[in-house]
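Commentary on secondary and tertiary structure
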Amino acid sequence: MFMARSKLYIEEHYPSPLKHTWNEFQKSHVSLTGLWLLCIFLVIVIFAPGLAPFDPNKQQVDILLLPPSWDSSGSIQYLFGTDSLGRDLLSRVIYGSRVTLGISILLVLISMLIGLTLGAFAGMGHGLRSSILNHFLDSIMVIPTLLIAIIIVAILGTGLWNCMLAITLALIPRFIHITRNMVRAECNKEYVTAARLDGAGRVRILFDSILPNMIENLVVQGTFALSAAILDISALGFLSLGASATTPELGSMLSDGMELAYVAPWSIALPGCAILLMLVAINLVGDGLRSSLRHRLQH
Amino acid sequence: MMSYLLRRLNLLVITAFIVTVASFALVYLFPGDPLINLTGIVPANSEAYAQLQQEYAFDKNLFMQYVHYIQEIYQGNWGLSISSHNSVLDEILLFLPATLELSVYALVLSTVIGIPLGFWAGLRYQRPVDYGILSASLLGYSLPVFWLGLILILFFSLNLGWLPMSGRISLLYDIPHYSGFILLDILHSGLAESQAAMQDAVNHLILPTLSITIVTSSIVIRITRRSVTEVMESDYIKAATARGLSRGQILWRHGLRNTLLPILPQLVLQFTALLTNAMIVEVIFSWPGIGNWLLQAIYQQDFPAIRGGMLAVSAVVIIFTLSMDVLLRLINPLKDRDVHGTI
Amino acid sequence: MLLLDIKNLTVEIDTSTGWVKALDKVSLHLKKGEISALVGESGSGKSLIVRTIVGAIPDRWRITADRMTWKGQDLLSMSAQQRRKIIRNEMSVVFQNANHSLDPTASLGQQLRESVPANQLEEVSFWQRKALRTDIIVKYLHKVGIKDHQQCMRAYPHQVPDDICQKVMLAMALVSKPELLIADDPTMGMEITSKVQILRLLTKLNQTQNLSILFIGHDLSAIANMATHMTVLYSGQTVESGKIGWLHKRPLHPYTKALLDSAPSFRKDLAPKSTLSSLDGTIPTLQHLPIGCRLGPRCPRAQKECVKTPKMRHISSHFYSCHFPLNRGGK
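Just so we're clear, the structure is a prediction, and the values are computed from it rather than from any experiment.

Digging into the packing of aromatic side chains
- Enumeration according to the criterion identifies 11 aromatic pairs over all chains in this entry.
- Ring plane angle 40 degrees and centroid distance 6.1 Å describe the contact between Phe156 of chain B and Trp162 of chain B, whose orientation is recorded as tilted.
- Residue class for Trp162 of chain B comes out exposed when judged on its relative accessible area of 59%.
- Taken together, a centroid distance of 4.7 Å and an interplanar angle of 55 degrees make the contact between Tyr234 of chain C and Tyr255 of chain C tilted. Here the residue Tyr234 of chain C occupies a position in strand 10 (residues 229-234), and Tyr255 of chain C occupies one in helix 10 (residues 254-261), the gap between them amounting to 21 residues.
- Lying across the ring of Trp19 of chain C, Arg62 of chain C places its NZ or CZ 3.8 Å from the centre.
- Taking NZ or CZ as reference, Lys243 of chain C lies 5.5 Å from the ring centre of Trp246 of chain C, over its face.

Topic: the packing of helix 1 (residues 2-29) of chain B against helix 13 (residues 303-331) of chain B
Residues and elements named next belong to chain B.
- With their axes 10 Å apart at the nearest point, helix 1 and helix 13 run at an angle of 170 degrees to one another. In terms of axis orientation, helix 1 runs roughly antiparallel to helix 13. Across the interface between the two elements, Tyr4, Leu5, Arg8, Leu11, Leu12, Thr15, Val19, Thr20, Ala22, Ser23, Leu26 and Val27 from helix 1 touch Arg307, Met310, Leu311, Ser314, Ile318, Leu322, Asp325, Val326 and Arg329 from helix 13.
- In the contact of helix 1 with helix 13, the residues fall into 13 nonpolar, 4 polar and 4 charged.

Quick notes on the interface of chain A and chain B
- Chain A puts 39 residues into the contact, and the matching count from chain B is 42 residues.
- Taking both partners together, chain A and chain B bury about 3,700 Å²; carbon and sulfur atoms supply 79% of that area.
- The interface formed by chain A and chain B contains 2 salt bridges.
- Here Asp287 of chain A makes a salt bridge to Arg222 of chain B, at a shortest N to O gap of 2.9 Å.
- Contributions of two or more residues to the side of chain A that touches chain B are made by helix 4 (127-142), helix 5 (145-156), helix 8 (202-238), helix 9 (250-258) and helix 10 (266-298) of chain A.

Examining the interface of chain C and chain B
- Taken together, the contact between chain C and chain B spans 26 residues of the former and 20 residues of the latter.
- Across the chain C/chain B interface, buried area totals approximately 2,100 Å², and carbon plus sulfur atoms make up 55% of it.
- Considering only the side of chain C, the residues that lose the most area to chain B are Thr105, Glu114 and His158 of chain C, jointly responsible for 29% of the buried surface there.
- At the surface where chain C touches chain B, the tally comes to 2 salt bridges.
- The residue Asp103 of chain C makes a salt bridge to Arg257 of chain B at a minimum N-O spacing of 3.8 Å.
- Scanning the region where chain C abuts chain B turns up 7 residue pairs in polar contact (both at pLDDT 80 or more).
- Those elements that place two or more of their residues in the side of chain C that touches chain B are helix 1 (46-54), helix 2 (80-89) and helix 3 (108-114) of chain C.
- In terms of residue class, the side of chain C that touches chain B is made up of 10 nonpolar, 10 polar and 6 charged.

Section: the pattern of salt bridges
- Tallying each qualifying case throughout the model produces 15 salt bridges over all chains.
- The shortest N-O distance in the salt bridge between Arg225 of chain B and Asp130 of chain B comes to 2.6 Å. Residue Arg225 of chain B is located in helix 9 (residues 194-232), and its partner Asp130 of chain B is located in helix 6 (residues 128-142); the two are separated by 95 residues in the primary sequence. The residues Arg225 of chain B and Asp130 of chain B share a single accessibility class, namely buried.
- Where Arg253 of chain B meets Glu114 of chain C, a salt bridge forms, and the shortest distance between an N and an O atom there is 3.3 Å. Taken as a pair, Arg253 of chain B in helix 11 (residues 247-284) and Glu114 of chain C in helix 3 lie in two separate chains rather than in one.
- Exposure remark for Arg253 of chain B: the relative accessible area of 34% places this residue in the partly exposed category.
- Given a relative accessible area of 9%, Glu114 of chain C falls into the buried group.

Considering the domain arrangement of chain B
- With domains assigned, chain B is organised as domain 1 (2-74) and domain 2 (98-283).
- Here the C-alpha centre of domain 2 of chain B lies 38 Å away from the C-alpha centre of domain 1 of chain B.

Quick notes on unusual backbone geometry
All names here are of chain C.
- Even without glycine at this site, Asn8 takes up a positive phi of about 50 degrees.
- Checked against the element boundaries, Asn8 lands in strand 1 (residues 2-15).
- Within the chain, Ser235 stands out as a residue other than glycine whose phi angle is a positive 50 degrees.
- Given the relative accessible area of 5%, Ser235 is considered buried.

So, the sheet that holds strand 7 (residues 91-94) of chain C
Residue and element names in this part refer to chain C.
- The mixed open sheet is built from 8 strands, whose spatial order is 7-8-9-3-10-11-13-12. Looking along the sheet, the strands with just one partner apiece sit at the ends: strand 7 and strand 12 (313-315). The mean inter-strand angle of the sheet, taken between neighbouring strand axes irrespective of direction, is 15 degrees.
- Relative to strand 13 (residues 318-320), strand 12 runs antiparallel, the two sharing 3 bridges. Considered in strand 13, the bridge of His314 is made with Phe319.
- Packing against the sheet, helix 6 (residues 162-175) makes contact with strand 7 and strand 8 (180-184), and its axis sits at approximately 175 degrees to strand 7.

Brief notes about helix 5 of chain A
Residue and element names in this part refer to chain A.
- The end-to-end C-alpha distance of helix 5 is 16 Å, a good match for the 16 Å that 12 residues give at a rise of 1.5 Å each.
- Of all the 12 residues making up helix 5, 11 are buried; the element is thus mostly covered by neighbouring parts of the structure.
- Among the residues of helix 5, those classed as buried are Thr145, Leu146, Leu147, Ile148, Ala149, Ile150, Ile151, Ile152, Val153, Ala154 and Ile155.

Here we look at the pairing of strand 7 of chain C
All names here are of chain C.
- Where burial is concerned, the two faces of strand 7 agree: the one with Met91 and Val93 and the one with Ser92 and Val94 are both buried.
- In this sheet, strand 8 lies alongside strand 7 in parallel orientation, the contact comprising 4 bridges. Residue pairing in the sheet places Ser92 in a bridge with Leu181 of strand 8.

Side note on empty space enclosed by the protein
- Going through the model one piece at a time under the given rule, you end up with 6 cavities of 30 Å³ or more.
- In this model, the largest cavity occupies a volume close to 130 Å³.
- Taken together, 14 residues make up the lining of the largest cavity; nearest its centre are Arg243 of chain B together with Ser92, Val93, Met172 and Ala173 of chain C.
- Where the lining of the largest cavity is concerned, the elements lending two or more residues are helix 10 (235-242) of chain B together with helix 2, strand 7 and helix 6 of chain C.
- For the lining of the largest cavity, the residue count by class is 9 nonpolar, 3 polar and 2 charged.
- What the second largest cavity holds in volume is close to 100 Å³.
- Looking at the second largest cavity, the residues that line it are Leu65, Asp83, Ser84, Arg87, Leu89, Arg92, Met253, Asp256, Gly257, Leu260 and Ser267 of chain A.

Cut-off values and rules
- Residues numbered from 1 in each chain as written.
- Chains lettered and ligands numbered in written order.
- Predicted model: local features only at pLDDT ≥ 70, side-chain atom pairs only at ≥ 80, totals over all residues.
- Heavy atoms only, no water.
- Phe/Tyr/Trp six-rings, centres within 6.5 Å; stacked < 30°, edge-to-face > 60°.
- Buried < 20%, exposed > 50% of the residue type's maximum accessible area, 1.4 Å probe, protein only.
- Helix = DSSP H or I, 4+ residues; strand = E, 2+ residues; numbered from the N terminus.
- Lys NZ or Arg CZ within 6 Å of the ring centre and 35° of its normal.
- Axes fitted to C-alpha atoms, helices over the stretch in contact; angles between N-to-C directions.
- Parallel < 35°, antiparallel > 145°, perpendicular 65-115°, else oblique.
- Contact = heavy atoms within 4.5 Å.
- Nonpolar A, V, L, I, M, F, W, Y, C, P; charged D, E, K, R; others polar.
- Buried area = accessible area lost by both parts, 1.4 Å probe.
- Salt bridge = Lys/Arg side-chain N within 4 Å of Asp/Glu carboxyl O.
- Polar contact = N/O pair within 3.5 Å; in protein donor to acceptor, adjacent residues only side chain to side chain.
- Domains from an automatic or database assignment.
- Pairing = 2+ DSSP bridges.
- Expected span 1.5 Å × (residues − 1).
- 1 Å grid on protein atoms, 1.4 Å probe; cavity = no way out; pocket = protein on both sides within 12 Å on 5 of 7 lines; lining within 4 Å.
- Points joined across faces, edges and corners; volume = space filled by probe spheres on them.

Written out as structure tokens, the structure reads:
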């Protein structure tokens, strides 16, 4: 038998930065709820085929525009009702979340990787080349991502693939800008100078000193970029520039339902709610992370 | 200050250069014949084509083509729209003011709503009022603007029938085009029924403005609130308290300026997001603005129009942000802080 | 009569590990026309006392005190407005970090003008007030040793060096002709000539205008020259207080002795090249304050009883809080 260690004197214990951030994050119930919600959406993204009761594109002509189950004329079999082609709305929302959120996450990761690489170069570099890049980025940053995406789609033609490419290209400058500023800020701090005086090379400084200090900030920026990506991809879908009508994408589902909004309000209310919930979850997590990061740095 | 202005001017020139190069590049990037993409004129025969080529310096190298392109842009010849055969610039000048009108009202309204609410929340930091405002703004910030517009239409136009769901003004009124801002035009027209027309135009404006305002003002609230909480925790506010100033005096003399100065540039940046939102909202409300027009151009593959629209929108954004940047710099007493701060 | 009388002031602040008594039963009093010094290492709660007196601390922190009075009026129970009036007219504070305590977006002149109280302007008509305000602040700027007042008044805080900020803060504090000046390390980081000038100014004001000063600082020799009373703080507890001569000659608390011993200027008998004595260990962090006497773990004389907080005892007006005081063997 081991006696429980007596805790007369609480030992000085400093959690690691990541753990500390997590502790701070955990304190806020709202942020935790956001995280749970996000996890649920991630489960939906991964297991959509198993969760959806029907094929999202199966058209049933005999049950067009069936109201959701809570309506008196609805059926429990079609929980969210059906759309104008008799497709089960629940399955479409599930698949739609998969397409919208899944693609957005993918795009953010890709553009973060590219942006990080280029941004690190821009931040560590000096002289004319990096100055030109900075000016170029500053001017790009002024134009909203969605507008850039629209222009790129206009060049490439409509379609989900072009849309994805457009949003990636539109997100990259953002990440370059953020990374560059962060690298610049860190480079001026004393610990980097100390590392440099120790003879560390640029690459080593970047990977050993700067990147670990940026990681959380990048995650926060990633969540903001993710919400922007979701908004952009569904907006392009809504403007019929993105996913074609057969692909269940939340934005294009909204524009499908637009003509029949008066007859079947649920067909626009439900996909919209799905987008809203997704964004709320992401923004909650992002906000929670940001404030816990700020708390950590204050104490 | 002078060096600052020069830097900004430099940035303006570079940005203008990049945007014009990009728009010129679009001529080649768009599918189809570059010359047709540029002019919007489909020549009838090869002779006409050759003439057109010469006219637009297309028989010379790319650089000369670009120089010529800049000249044409400067002279107001932005090409013809393929679908309507009108001058692209004329169409833009007709549609852009409608968008600007919507954006300006939404911007003013967002600031007027967002900043006081942000202040209120920031001053009641971590109390019920703060939590209430914060959650509302989080919700508003997460709303996709196109869905919000649809829901507003569904509720206020279709269910309640209070407000019109599309357009800028009822077809009953024929308002001559003057400034492009409908409310100003009505005032200027001096029509007999201008009172009723005004009412009608305002009714048409409410829903689109509201949907943009809800989204933008929640961002404004968040930015303001954060700045307020930071300033109220600062040493100089504590020192002012210790000097025996009242809360009102502290807030008015020291809090307001310190809170607003750092966030104004961020608010200016929101304008671009607001403009994008306005362009999406136009589609939902069939608002005859540049967003709607640009999208029609995309659907119809009207390349001269897309190019022109992009150029116009970018120009608006760049001119607005840069001029606001300079303006803010002028009123900021900390403008030369950076110069003195670094050793 | 006592000007400021604080007895058993406890301030609890919320940290990430829960509520902590940052000040634990601190007592402090000040007579009219007296210069009293408050000494202690950084982090011992000196500045917190100042901020508690003027009410510049977050509302959520818990303050309890047996007594906290200003000329017999209870500061804790009076209305915020009343308290503000007292703070505005009768006491003034100079904070540490002068450059953070000035509004970065207002020029120094604006801030100086703001601190001229309205009652000094009553005798002239309103159109002359601006000029009078300027006259008054120019006079005080000269007093604190700023010669180029015009440039100073035009400047923003970030445009002038730190010591000018400190002087401006002092001018702002003095301009309202207070009865009590609370000076929280007003000469921190100043060069020696300005420092002497400021200290001389304070002493002169004390002698000629009967200004009471609560002086907070590290510089023991300067304090010994200026002050008549001294209160020693350690980790938020009052350790010892009394006339400076007594404390100097016969410190009762081990901490006071250690503090005095660590200052070479106080020890004329110190042999050349001998080591300065100091206590083992470091000041405990806020999260890990020892129970009882907070000096306990570091105290050379600590015994079992020291886990209980010692009561404040006194020999005439020399207060100390220790179970096993020094220099009492004879009695």
